[in-house]
Amino acid sequence: MNQARGEWSSRFGFILAAAGSAIGLGNIWGFPIMTAKNGGAAFVFVYLILTFVVCFPVVMTEIAIGRHTAKNPVGAFNQLAPKSIFAFAGKLGVLCGFMILSFYVVIAGWVFGYFVEVVSGGLQRLAQDGEFGNFVANPYKNLMYTGLFMLATVGIVVGGVRDGIERWARMLMPTLLIMLLALIIYVMTLENAGKGLAFYLIPDFSKITVPVVNSALSQAFFSLSLGMGALITSGSYVSKKDDIIASGFIVTVLDSSIALLAGLLIIPAIFTLAPDTTAETIKAGPGLIFEFLPKVFMNLAGDVGYFFASFLAAFFFLLISFAALTSTISLLEVPTSWVVDEKKIRRKKAAVLIGVVIFIIATGSVLASGASDFFTHFITYPSGADKDFLSFVADVFFEMCLPLGGFLLSAFAAFRWKTHNLSKEIAVGREHYIGSVLEKWLNFVIYLCPVIILFIFVNTVLAKLFDIVLF
Ligand code: PFF
């Protein structure tokens, strides 16, 4: 970044930051779980359609609002729609960043913890059934890993060692991709991988139910870091020379590719390692990758030796930790930039303060896997579902608030800011946009988005909290 408020040094800088934010635990940890939980290929099919039809226009809108106003989400909405319901969208975004980070950092801590355990020779133990349960139930270790991760995130947001992070991201992200591909090829050579492939790739359209569509939309929003203004924030540093459609499209394609690859690794791995798995019995909980990845590496140890397999496993968990770190940075950036811009508090103080409060809330999620009864059985929904604190925060802020933010954002673009202003902003940096088929398509879809998202949002709330399925 350079100049007065700052600008990415190149278009690549924005793509790297936005892709770094998008690619994270949502892709590698979340997507395979959601796919397993929601019927496999049918979910993947709905996910891809929603990503490109509904989410991509929202990606464009966030970047356009960011670049147009050069502000954080709260400032941006206050400038474009002061004292309206839309100003609430900015505040909701800040709150989402805050609360999502509070559970995200706990899961990132698990990943980092697995790296440490493997480095200290524990791969074989981690590959045993039930070991994940033992690991997460240990409050001291997990508080330490969560704390370390939070500390690293705050350190980077404060110290602005962005250059360093950017350099590492350029190297480590492609390495993650290569490692994913190599592991996929390995798993494909194992017996029963075909069963997993069929579950993952051949859709059974009768499995497309409203809850599946709900999950696909929330997952797509979360994975693209959408609906809470993270892209408004990074968009605010985009140069007027850049073509935001091209950049937004690249980020969307990169993000969904990594998610698809993670699924292609984990889902067949489940079938190869637990051969009696069926679509009905497939495992789908927060421990999914933690249970199966160590088993994949232990299997590999039979071919390449325990030491080398441990080295690869440690390296893989480290790469996932790094992908998570580029996401936690952008999560912390949203509340921090709001406090800095609107409350006139120094950046360092703001980031440290917010980091401490988030860590305190995160403690609840650390203790929610058995260490404390209160946090493990935190709430019972009117539907009767018993939820721990981490799942509760994820339900409210990931499954419900992100789509709500996306609804407000697209409704704002369609009905308040109006499509001609959106088009004008997109056209800066993209010649011949006005009047093009692409413009007509985007302007049409942006009217459709609020309707689709609202419909899905209402269903999600009713289904999650009250177990009522309308359709
Ligand atoms: N997109 C990230 C992931 O898939 O892991 C999660 C995330 C990061 C959501 C940043 C929102 C955000 F602002």
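Residues numbered from 1 in each chain as written. Predicted model: local features only at pLDDT ≥ 70, side-chain atom pairs only at ≥ 80, totals over all residues. Heavy atoms only, no water.

1. Examining the overall build of the protein chain
Piece 1. Helix and strand counts for the protein chain stand at 20 helices and two strands.
Piece 2. A globule of 471 residues ought to have a C-alpha radius of gyration of about 23 Å, and the protein chain, at 21 Å, matches this closely.
Piece 3. With the C-alpha coordinates of the protein chain rotated into their principal frame, the extents come out at 60 × 50 × 45 Å.
Piece 4. Across the 471 residues that make up the protein chain, the buried fraction comes to 58%.
Piece 5. Within the protein chain, contacts between residues at least 6 apart in sequence are counted, and of these 81% link residues at least 24 apart.
Piece 6. A total accessible area of about 18300 Å² is found for the protein chain, and carbon and sulfur atoms account for 68% of it. (Helix = DSSP H or I, 4+ residues; strand = E, 2+ residues; numbered from the N terminus. Rg over C-alpha atoms; globule rule 2.2 N^0.38 Å. Buried < 20%, exposed > 50% of the residue type's maximum accessible area, 1.4 Å probe, protein only. Contact = heavy atoms within 4.5 Å. Areas by Shrake-Rupley, 256 points an atom, 1.4 Å probe, with all protein chains shown as cover.)

2. With respect to the pattern of salt bridges
Piece 1. Under the counting rule described, the total for this entry stands at 13 salt bridges.
Piece 2. For the salt bridge of Lys 141 with Glu 117, the shortest nitrogen-to-oxygen distance reads 2.8 Å. Pair noted here: Lys 141 is in helix α8 (residues 139-159) and Glu 117 is in helix α5 (residues 85-119), with a separation of 24 residues, a long-range link.
Piece 3. Relative accessible area serves as the criterion here: at 6%, Glu 117 is assigned to the buried category.
Piece 4. Glu 425 is the salt-bridge partner of Lys 240, the closest N and O atoms lying 3.2 Å from each other. One end of the pair, Lys 240, is in the loop between α12 (230-235) and α13 (244-273); the other, Glu 425, is in helix α19 (residues 419-427), and 185 residues separate them in sequence. (Salt bridge = Lys/Arg side-chain N within 4 Å of Asp/Glu carboxyl O.)

3. Considering the layout of surface pockets
To locate leftover empty space, one rolls a probe as large as a water molecule over the atoms.
Piece 1. The space that makes up the largest pocket amounts to roughly 540 Å³.
Piece 2. Of all the secondary-structure elements, those providing two or more residues to the lining of the largest pocket are α2 (25-37), α5, α7 (131-136), α14 (288-304) and α18 (389-417).
Piece 3. Ranked by the residues each element gives to the lining of the largest pocket, the list is headed by α18, at six residues.
Piece 4. Its residues placed into classes, the lining of the largest pocket shows 14 nonpolar, seven polar and eight charged. (1 Å grid on protein atoms, 1.4 Å probe; cavity = no way out; pocket = protein on both sides within 12 Å on 5 of 7 lines; lining within 4 Å. Points joined across faces, edges and corners; volume = space filled by probe spheres on them. Nonpolar A, V, L, I, M, F, W, Y, C, P; charged D, E, K, R; others polar.)

4. As for the packing of aromatic side chains
Piece 1. This structure, assessed with the given rule, holds 32 aromatic pairs.
Piece 2. For the ring pair Trp 110 and Phe 132, a centre distance of 5.3 Å and an interplane angle of 85° mean the geometry is edge-to-face. Of the two residues, Trp 110 is situated in helix α5 and Phe 132 in helix α7; the sequence distance between them amounts to 22 residues.
Piece 3. Owing to a relative accessible area of 5%, Trp 110 belongs among the buried residues under this scheme.
Piece 4. Judged by relative accessible area, Phe 132 falls into the buried class, the value being 9%. (Phe/Tyr/Trp six-rings, centres within 6.5 Å; stacked < 30°, edge-to-face > 60°.)

5. As for helix α16 (residues 347-366)
Because the α-helix completes a turn every 3.6 residues, residues three or four places apart line up on one side.
Piece 1. With 20 residues, α16 extends 27 Å between its outermost C-alpha atoms, agreeing within 8% with the 28 Å of an ideal straight helix rising 1.5 Å per residue.
Piece 2. Those residues of α16 that are buried are in contact with α5, α7, α8, α15 (306-343), α17 (373-376) and α18. (Expected span 1.5 Å × (residues − 1).)

6. A word on the site of the ligand
Piece 1. What surrounds the ligand is a group of 15 residues, the closest being Ala 22, Gly 26, Tyr 104, Phe 222 and Ser 225.
Piece 2. Starting from 340 Å² of accessible surface for the ligand in isolation, the protein chains cover 100%.
Piece 3. Placement of the ligand is best described as lying within the largest cavity.
Piece 4. Those elements that place two or more of their residues in the shell around the ligand are α1 (11-22), α2, α11 (210-223) and α15.
Piece 5. For the shell around the ligand, the class distribution of residues is seven nonpolar, eight polar and no charged. (Near = heavy atom within 4 Å. Sits in = over half its atoms within 2 Å of the grid points.)

7. Considering helix α4 (residues 73-80)
Piece 1. Most of α4 sits out of view: six of its eight residues are buried.
Piece 2. If you check which residues of α4 are buried, you get Pro 73, Val 74, Gly 75, Ala 76, Phe 77 and Leu 80.
Piece 3. At the N-terminal end of α4, a side-chain oxygen is found 2.9 Å from the backbone nitrogen of Val 74, two or three residues along, and the residue is Asn 72. (Polar contact = N/O pair within 3.5 Å; in protein donor to acceptor, adjacent residues only side chain to side chain.)

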